[in-house]
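# Descriptive structure summary
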Amino acid sequence: MIIRHAEKPREKDDGKKPPFGVTEDGERNEHALVVRGWQRAGALAGLFAPDGGAPPRPGLRRPSAVYAADGHDGGKGLRPAETVAPLAAKLGLRVDVTYGQGDEAALAREVAGRHGATLVSWEHHRITRIVKGLGTVRPAPPDAWPDDRFDLVWVFTREGRGWRFRQVPQLLLAGDRSDPA
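Residues numbered from 1 in each chain as written. Predicted model: local features only at pLDDT ≥ 70, side-chain atom pairs only at ≥ 80, totals over all residues. Heavy atoms only, no water.

In the nomenclature of an unreviewed UniProt entry, the protein chain is known as Phosphoglycerate mutase of Streptomyces caatingaensis.

So, in structure tokens, the structure goes:
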């Protein structure tokens, strides 16, 4: 399962107008999630690991491993790990940040060789590089993750020598959409 990191500060802003990115400690940081992104991060914990041991929504699985892009360039790129931190904590897992931007093919090889459900949180422009690293995927996923969508889960299920693809809407926050990318 692959998700895009949660909401971030608007790219057009010069960092002087809200909403600002904030770290989990409440420190202003342009590379961190905005408050809505932190809300999504918390809600993702309930989506993938519902309370009471209930199974996740149809099409999703409780992850046994959680990966996120590392905080590259001296702390930039915090958002992928911040997005899955509440879920990993709830599951008692460590977020694996071994791979960073540019390591998508290696990440794809590792997760393809894993047994059990895996969740990856990544930067949306590079998600298709992970998908290409998986090999044959049917039906073909979109060519790009939409810039305006933070509310999807791309799910890949082993099928023969390849993968079956589907999209599952998160439907966690007001304004989330049910249509696919």
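## Some remarks on the overall build of the protein chain
Across its full length, the protein chain carries five helices and seven strands. The helix and strand sequence of the protein chain, counted from the amino end, reads β-α-β-α-α-β-α-β-α-β-β-β. By the compact-globule yardstick of 16 Å for 181 residues, the protein chain fits well, its C-alpha radius of gyration being 16 Å. When the 181 residues of the protein chain are sorted by exposure, 45% land in the buried category. (Helix = DSSP H or I, 4+ residues; strand = E, 2+ residues; numbered from the N terminus. Rg over C-alpha atoms; globule rule 2.2 N^0.38 Å. Buried < 20%, exposed > 50% of the residue type's maximum accessible area, 1.4 Å probe, protein only.)

## Regarding the packing of helix H4 (residues 104-113) against helix H5 (residues 127-134)
For the pair H4 and H5, interaxial distance at closest approach is 8 Å and the crossing angle is 50°. On the basis of the axis angle, H4 is oblique to H5. By crossing handedness, the relation of H4 to H5 is classed as right-handed. Packed against H4, whose contacting residues are Glu104, Leu107, Ala108, Val111 and Ala112, the element H5 presents Arg129, Ile130, Gly133 and Leu134 at the interface. (Axes fitted to C-alpha atoms, helices over the stretch in contact; angles between N-to-C directions. Parallel < 35°, antiparallel > 145°, perpendicular 65-115°, else oblique. Left-handed = near helix turned anticlockwise from the far one by under 90°. Contact = heavy atoms within 4.5 Å.)

## A word on the pattern of salt bridges
Close approach of charged atoms lets side chains of opposite charge pair. Scanning the model with the defined rule gives eleven salt bridges in all. The closest approach of N and O atoms between arginine 149 and aspartate 151, which form a salt bridge, is 2.6 Å. The exposure class assigned to arginine 149 is buried, which follows from its relative accessible area of 1%. A residue is classified by how much of its surface remains accessible, and aspartate 151, at 4% relative accessible area, is buried. (Salt bridge = Lys/Arg side-chain N within 4 Å of Asp/Glu carboxyl O.)

## Focus on H5
Taken residue by residue, H5 has Ile127, Thr128, Ile130, Val131 and Leu134 as its buried positions. The buried side chains of H5 occupy one side of the element, clustering within an arc of 155° when seen end-on. Of the surrounding secondary structure, the elements contacted by the buried residues of H5 are strand E1 (2-4), H4, strand E4 (118-122), strand E5 (137-138), strand E6 (152-159) and strand E7 (162-169). Where H5 ends, the next residue or the one after it, glycine 135, has phi of about 100°, a positive value. (Arc of directions from axis to C-beta.)

## Considerations on helix H3 (residues 79-91)
Taking 1.5 Å as the rise per residue, H3 with 13 residues should run 18 Å; its terminal C-alpha atoms sit 19 Å apart, in good agreement. The sharpest bend along H3 comes to roughly 40°, located at alanine 85, with the proline proline 86 sitting one to four residues further on. Those residues of H3 lying buried are Arg79, Pro80, Glu82, Thr83, Val84, Leu87 and Ala88. In this structure, the buried residues of H3 make contact with E1, helix H1 (35-48), strand E2 (65-68), strand E3 (95-96) and E4. Glycine 92, located one to two residues past H3, shows a positive phi value of around 70°. (Expected span 1.5 Å × (residues − 1). Bend = angle between axes of the 7 residues up to and from the residue.)

## Things to note about the pairing of E4
For E4, a buried count of five out of five residues is recorded, marking the element as mostly surrounded by other parts of the structure. Where burial is concerned, the two faces of E4 agree: the one with Thr118, Val120 and Trp122 and the one with Leu119 and Ser121 are both buried. Direction of pairing for E1 relative to E4: parallel, over a ladder of three bridges. The residue bridging isoleucine 2 from the neighbouring strand is valine 120, located in E4. (Pairing = 2+ DSSP bridges.)

## Quick notes on the pairing of E6
As paired elements, E6 and E7 share eight bridges and run antiparallel to each other. Bridge pairing in E7 links leucine 152 to proline 169. Turn length for the E6-E7 hairpin, with the two strands adjacent in sequence and antiparallel, is two residues, and the turn residue glycine 160 shows positive phi of about 60°.

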